Amino acid sequence: MSSSTASHPSCPRAGLAAAGFAAASYREHERFLWALSYRLTGSAADADDIVQETFVRALERPPARTGEPVRPWLARVALNLGRDALRRRKRLAYDGPWLPSPIETEPEPPSFEIPGRDGTEGRYDLLESASFAFLIALEALTPQQRAVLLLRDVFDYSVQETAAALDLSEASVKTTHHRARRALEPYDRERCRPSPELVERSGAALVRFLQTLATQDVAAVEALLSEEVRVINDANGEFKAARRIVVGPNRVARFYVGLLRIDDPGALRHELRLINGLPAVVIERRTTVEKLAPRFVMRCDIDASGRITALHSVLASHKLTAVRALAP
């Protein structure tokens, strides 16, 4: 049998080799690729699709040089797919504000735990780079800038490795990285790393907000909010939700108290979890109500004094694929 025949995808022996290659690569690199794809797109569902498609390509058209490390090749495929997904999303009209997909980071955090790595020496550590604040900040970047910043500042790629992964010149990587960092300066000024102390303070603020909200006392709720507080709901038109950002303590307090007065609090059950590194509440309805989300995730950001600066609710069902349902 000629060497050209043996390497052809239709050859059974080649097919078995490709399948073995893809299976071994999947086991070793799946979590890394998912972590990279999630940060690149801000979407758990997109990350799932990208990882699956990457390994389909590895099965159908494996790299020619199988003796070399395969992770750079897999990362290059995933990065191309991820940038394409970002461009498609930015071309399509989104109904209302956009938020990242929530992912659970307890007890096993697939979002940032990468086998073989104890941490990162980059500008942003792996848990911070999965936070809502960071992922929202990344939306200010182009797909190319986003990919370069993640590789350089989160995954510790060198300029040369980044250039190879994205098919760019080293000079272009340096220029793109500089522009990306400059665009993230507002985030860096207000940067809050998910620390144990912040987890405790954020959880206490969220619980206090929910308890106070139950009293339907607008003034009491308002007292928990900062002057710059913002409410962002992401339902993508699927369910009833504010399609515009609500700003200011009085408007935010009245917004939530108004929702509580027209809804049935007894129809809701909830559970506090760590989502994207910080506490959030997973809420589910006991019964189905037309146009109301059957479940959603609610989280908050706080300032140095413990007052709430932002409240995020993710209601769109395609955004909740990485969040477990509540136990019966």
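First, a word on what this report is: a plain description of the structure on this page. Being a predicted model, the structure only gives us computed values, none of them experimental.

Okay, empty space enclosed by the protein next. Applying the stated criterion across every chain yields a total of 1 cavity of 30 Å³ or more. Put simply, the largest cavity is a space of about 50 Å³. What lines the largest cavity is Asp95, Gly96, Pro97, Asn233, Ala235, Asn236, Gly237, Phe239, Ala241, Ala242 and Arg243. Residues that form the lining of the largest cavity fall into these classes: 5 nonpolar, 4 polar and 2 charged.

Here we come to the pattern of salt bridges. Summed over the entire model, instances satisfying the criterion amount to 17 salt bridges. Note that Glu139 and Lys90 form a salt bridge whose closest N and O atoms lie 3.8 Å from each other. Linking Glu139 in the loop between α5 (132–138) and α6 (143–154) with Lys90 in helix α4 (residues 71–91), this pair joins segments that are 49 residues apart in sequence. When its relative accessible area of 23% is taken as the criterion, Glu139 is described as partly exposed. For Glu128, the salt bridge identified is with Arg191, shortest N-O distance 2.6 Å. With a gap of 63 residues between them, Glu128 in the loop between α4 and α5 and Arg191 in the loop between α9 (185–189) and α10 (196–213) connect regions that are remote in the sequence. Given the relative accessible area of 0%, Glu128 is considered buried. Ionic contacts of the salt-bridge type, sharing partners, join the residues Arg89, Lys90, Glu139 and Arg146 into one network.

With respect to burial, strand β6 (residues 308–314) is a largely interior element, 6 of its 7 residues being buried. What sits between the antiparallel neighbours strand β5 (residues 295–302) and β6 is a turn of 5 residues, in which Gly306 has the positive phi angle 90 degrees.

This brings us to the nonpolar core. Soluble globular proteins tend to pack their nonpolar side chains together in the buried interior. Leu79, Phe134, Leu138, Leu149, Phe155 and Leu184 are the most contacted members of the largest nonpolar core, which has 45 residues in total. Those elements giving two or more residues to this core turn out to be α2 (12–41), α3 (44–60), α4, α5, α6, α7 (159–166) and α8 (170–183). Looking at this core element by element, the count peaks at 8 residues for α4. Once residues lying within four places of it in the same chain are set aside, the contact partners of Leu79 are Leu36, Leu40, Ala147, Leu151, Ala165 and Leu166. The next biggest cluster of nonpolar side chains, apart from the first, holds 31 residues, and it includes Val281, Ile283, Ala293 and Ile302.

Scoring rules and cut-offs
- Residues numbered from 1 in each chain as written.
- Predicted model: local features only at pLDDT ≥ 70, side-chain atom pairs only at ≥ 80, totals over all residues.
- Heavy atoms only, no water.
- 1 Å grid on protein atoms, 1.4 Å probe; cavity = no way out; pocket = protein on both sides within 12 Å on 5 of 7 lines; lining within 4 Å.
- Points joined across faces, edges and corners; volume = space filled by probe spheres on them.
- Nonpolar A, V, L, I, M, F, W, Y, C, P; charged D, E, K, R; others polar.
- Salt bridge = Lys/Arg side-chain N within 4 Å of Asp/Glu carboxyl O.
- Helix = DSSP H or I, 4+ residues; strand = E, 2+ residues; numbered from the N terminus.
- Buried < 20%, exposed > 50% of the residue type's maximum accessible area, 1.4 Å probe, protein only.
- Pairing = 2+ DSSP bridges.
- Core = buried A, V, L, I, M, F, W, Y, C linked by side-chain atoms within 4.5 Å.
- Contact = heavy atoms within 4.5 Å.

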